[in-house]
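What follows is the residue order along each chain.
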Amino acid sequence: MNVHDSEKMLGILEKEGYTETDNALEADLIIFNTCSIREKASQKFFSELGRIRSLKRKRPGVRIAVAGCIAQHEGRKILGRAPHVDFIFGPQNLHILKDVASGRAPSISLDENPYIATRDLPAKRGDPVRAWVTIMYGCNNFCSYCIVPFTRGRERSRPSRHIYSEVYELAAKGYKEVTLLGQNVNSYLSDVNFAGLLRMLNRVEGIQRIRFVTSHPKDLSVDLIHAMSELDKVCEHIHLPLQSGSSDVLKLMNRGYTYSDYVERVAELRRIIPDISITSDIIAGFPGEIHSDHLLTIEALKNIEFDGIFAFKFSPRPRTKAALMRNEVPEETKAARLSEILALQDVITLRKNRSIEGTLQEILIEGESETDPEKLMGRTRTNKIVTFSKNGTSQGTFARLQIVKGRTHSLEGIAS
Ligand code: 5AD
Ligand code: SF4
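We now turn to the structure provided with this report. (Residues numbered from 1 in each chain as written. Chains lettered and ligands numbered in written order. Predicted model: local features only at pLDDT ≥ 70, side-chain atom pairs only at ≥ 80, totals over all residues. Heavy atoms only, no water.)

### Considerations on the overall build of the protein chain
Helix and strand counts for the protein chain stand at 13 helices and 17 strands. Relative to its length of 416 residues, the protein chain is compact, with a C-alpha radius of gyration of 22 Å against a globular reference of 22 Å. Put simply, the protein chain shows about 19,300 Å² of open surface, and 51% of that area lies on carbon and sulfur atoms. Positive and negative side-chain charges of the protein chain, numbering 58 and 52 respectively, have mean locations separated by a distance of 4 Å. (Helix = DSSP H or I, 4+ residues; strand = E, 2+ residues; numbered from the N terminus. Rg over C-alpha atoms; globule rule 2.2 N^0.38 Å. Areas by Shrake-Rupley, 256 points an atom, 1.4 Å probe, with all protein chains shown as cover. Lys, Arg positive; Asp, Glu negative; His and termini not counted. Charge placed at Lys NZ, Arg CZ, Asp CG, Glu CD.)

See the structure below:
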């Protein structure tokens, strides 16, 4: 979401005559697009912001903007720590960038934006094959650990015809894959629900793969699972954050489901879409998480066998309920639990990746492999990274590969 926000900022600025540079010394405008989901990201940002101060001394004309969720959250306080900042705007106010060149942009823009879902912004996309498309903004769920509802505001869905037009135009430009973005995509609602939106977008000629992130287990309907199974372009992958294997902890997290609700949904997904890959997010060391809760998460990972997870230590965020909860888990315990979770998942991911050795997979080629320039990389429909030797095929085309090796973070394929 944050990366796509940056693409929108670039899109607006390009229309105003700006061009992008990698060299901060050349820039007229430097924007920090910040993330505040966990504290570590915040700390990293403030040290970066401090470093840029000397640049402003050398080139007083350069303007510095702080955007994103830290901007939204800290607001004016940022000026106290960094008086060299010229603009502060939150994720609901990217449009102010159109007035930066003329000097008409307000220095602080943090208001809730009621038009966010209907007034579309241009985007300058970094990838010529795969595009992010926002379908909804904000979140109403207020999971007790999460800062997002405070920074991105209330849930608002874009009109389906706006989304359809954007995807149609992307197809005309040659894009092959779209990833629909929202904090909670399966609560999308306009004249159609999320399953209806997928049905509409599946008809766009030229687009060959449709993905979406993130889904919330409590809103995963049977209708949606059927739509995923019936629609040929919708890929067999779902990112479905579990967060914890303990129903007690899930309750404290205000997630709106129990562990057994979650397991039932996974069973339904696998019954209707047998090849589906399921990935998840886990938080280690939520306040009140005792050893037996942690063991339930370990059991959950063993039982469900995710294809991959992102796992994080709980990080108390300002304004959230969890930041005020008692029974904090000590840092060393959080770290130990996180390591155990990650080590176990590595074993599971490797086993799963090995189990598809020998199968044929359709790969959308994204470009050169980052680790080996002699190789190309792409993804399976199930979102697994595959590398393979260059053989005349090129970015944006599909290859049918036989998987010859499954590793923890990628697969190796050969042309079949
Ligand atoms: N501490 C740790 N992890 C968090 N996440 C969100 N907020 C926090 C927090 N305060 C994780 C959740 C979510 C993912 C995007 O980030 O697992 O699904
Ligand atoms: Fe945060 Fe929960 Fe909303 Fe996800 S669903 S953005 S975790 S409040």
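There is more to say after this.
### A closer look at the nonpolar core
If you look at the biggest cluster of nonpolar residues, it comprises 66 residues, and the most contacted ones within it are Leu 180 and Phe 194. Among all residues touching Leu 180, those that are not within four sequence positions of it are Val 133, Ile 135, Val 185, Phe 194, Leu 197, Leu 198, Leu 201, Ile 210, Arg 211, Phe 212 and Val 213. With 17 residues, the next largest nonpolar core counts Ala 27, Val 66, Ala 71 and Ile 88 among its residues. (Core = buried A, V, L, I, M, F, W, Y, C linked by side-chain atoms within 4.5 Å. Buried < 20%, exposed > 50% of the residue type's maximum accessible area, 1.4 Å probe, protein only. Contact = heavy atoms within 4.5 Å.)

### Quick look at the packing of aromatic side chains
In total, this model carries 9 aromatic pairs according to the counting rule given. Centre to centre, the rings of Phe 142 and Phe 150 are 5.5 Å apart; their planes meet at 80 degrees, and the pair counts as edge-to-face. Overall, Phe 142 belongs to the partly exposed group, its relative accessible area being 34%. Three or more aromatic residues link up through ring pairs in this structure, and these residues are Phe 32, Phe 45 and Phe 46. Sitting above the plane of the Tyr 115 ring, Arg 119 keeps its charged end 4.0 Å from the centroid. (Phe/Tyr/Trp six-rings, centres within 6.5 Å; stacked < 30°, edge-to-face > 60°. Lys NZ or Arg CZ within 6 Å of the ring centre and 35° of its normal.)

### A few points about the pattern of salt bridges
Close approach of charged atoms allows side chains with opposite charge to pair. Going through the model one piece at a time under the given rule, you end up with 30 salt bridges. The salt bridge involving Glu 112 is made with Arg 156; its shortest N-O contact spans 3.3 Å. Placement of Glu 112 in the loop between strand E4 (108-109) and strand E5 (130-134) and of Arg 156 in strand E7 (residues 156-157) is noted, with a sequence separation of 44 residues between them. Judged by relative accessible area, Glu 112 falls into the partly exposed class, the value being 37%. Shared partners join several salt bridges into a network, and the residues in it are Asp 127, Arg 130, Glu 177, Arg 209, Arg 211, Glu 362, Glu 366 and Arg 379. (Salt bridge = Lys/Arg side-chain N within 4 Å of Asp/Glu carboxyl O.)

### Let's talk about helix H13 (residues 331-355)
Compared with an ideal rise of 1.5 Å per residue, which puts 25 residues at 36 Å, H13 spans 36 Å between its outermost C-alpha atoms and is within 8% of the ideal. Every buried residue belonging to H13 is among Lys 334, Arg 337, Leu 338, Ile 341, Leu 344, Gln 345, Ile 348, Thr 349 and Asn 353, and all of these are buried. Tucked into the core, H13 has its buried residues touching strand E11 (277-284), helix H12 (291-304), strand E12 (308-313), strand E16 (398-406) and strand E17 (411-415). (Expected span 1.5 Å × (residues − 1).)

### Topic: unusual backbone geometry
Trans is the common state for peptide bonds, and a negative phi is the common state for residues other than glycine. Looking along the chain, the bond that leaves Val 213 and enters Thr 214 is cis, with omega of -5 degrees. Within the fold, Thr 214 resides in the loop between strand E9 (209-213) and helix H9 (222-230). Here Asn 327, not a glycine, exhibits a phi torsion of approximately 60 degrees, which is positive. Classification of Asn 327 as exposed rests on a relative accessible area of 57%.

### Quick word on the environment of Val 266
In this structure, Val 266 sits in helix H11 (residues 259-272). The spatial distance from the C-alpha of Val 266 to the C-alpha of Cys 69 is 32 Å, given a sequence separation of 197 residues.

### A few points about the site of ligand 2
Taken together, Cys 139, Asn 141, Phe 142, Cys 143, Tyr 145, Cys 146, Val 148, Pro 149, Gln 183, His 216 and Arg 255 are the residues near ligand 2. Class assignment for the residues of the shell around ligand 2 results in 7 nonpolar, 3 polar and 1 charged. (Near = heavy atom within 4 Å. Nonpolar A, V, L, I, M, F, W, Y, C, P; charged D, E, K, R; others polar.)

### What about the site of ligand 1?
The immediate surroundings of ligand 1 are formed by Ile 37, Arg 38, Tyr 145, Gln 243, Asp 281, Ile 283, Phe 312, Lys 313, Phe 314, Ser 315 and Arg 317. At 2.7 Å, a side-chain N or O of Gln 243 approaches an oxygen atom of ligand 1. Asp 281 places a side-chain nitrogen or oxygen 2.6 Å from an oxygen atom of ligand 1. Burial of ligand 1 by the protein chains amounts to 86% of its free accessible area of 400 Å². When residues of the shell around ligand 1 are traced back to their parent elements, those giving at least two are E11 and E12. Grouping the constituent residues of the shell around ligand 1 by class yields 5 nonpolar, 2 polar and 4 charged. (Polar contact = N/O pair within 3.5 Å; in protein donor to acceptor, adjacent residues only side chain to side chain.)

### A few points about the packing of H11 against H12
Packing of H11 against H12 brings their axes to within 12 Å, and their N-to-C directions diverge by 10 degrees. Here H11 lies roughly parallel to H12, going by the angle between them. Where H11 crosses over H12, the two elements pack in a sense that is right-handed. Every residue of H12 that contacts H11 at Tyr 259, Tyr 262, Val 266 and Arg 270 is listed here: Ala 300, Asn 303 and Ile 304. (Axes fitted to C-alpha atoms, helices over the stretch in contact; angles between N-to-C directions. Parallel < 35°, antiparallel > 145°, perpendicular 65-115°, else oblique. Left-handed = near helix turned anticlockwise from the far one by under 90°.)

### Thoughts on the pairing of strand E13 (residues 360-368)
Two strands pair when backbone bridges link them, and E13 and E16 are joined in this way by 5 bridges, in the antiparallel orientation. Within E16, the residue paired with Leu 364 across the bridge is Phe 398. Pairing geometry for E13 and strand E14 (residues 375-379), over 4 bridges, is antiparallel. Residue pairing across strands places Glu 368 opposite Leu 376, the latter belonging to E14. Where E13 hands over to E14, the hairpin turn is made up of 6 residues, counted between the paired strands. (Pairing = 2+ DSSP bridges.)

### Overview of the side chain of Gln 361
Note that Gln 361 resides in strand E13. A residue is classified by how much of its surface remains accessible, and Gln 361, at 16% relative accessible area, is buried. A polar contact is formed between the side chain of Gln 361 and the side chain of Thr 359, at a distance of 3.0 Å. Not counting residues within four places of it along the chain, the set of residues in contact with Gln 361 comprises Ile 356, Thr 380, Ala 399, Arg 400, Leu 401 and Ile 403.

### Quick word on the sheet that holds strand E2 (residues 63-67)
Taken in spatial order, the 4 strands of this open sheet run E1-E2-E3-E4, and their pairing is parallel. Whereas interior strands pair on both sides, the edge strands pair on one side only; in this sheet they are strand E1 (29-34) and E4. As paired elements, E1 and E2 share 5 bridges and run parallel to each other. Bridged to Asn 33 within E2 is Ala 67. Here helix H1 (residues 2-15) sits on the sheet and contacts E1, E2 and strand E3 (87-89); the angle it forms with E1, its principal contact strand, is near 155 degrees. Across the sheet, helix H2 (residues 39-51) lies against E1 and E2, angled at about 165 degrees from E1, the strand it touches most.

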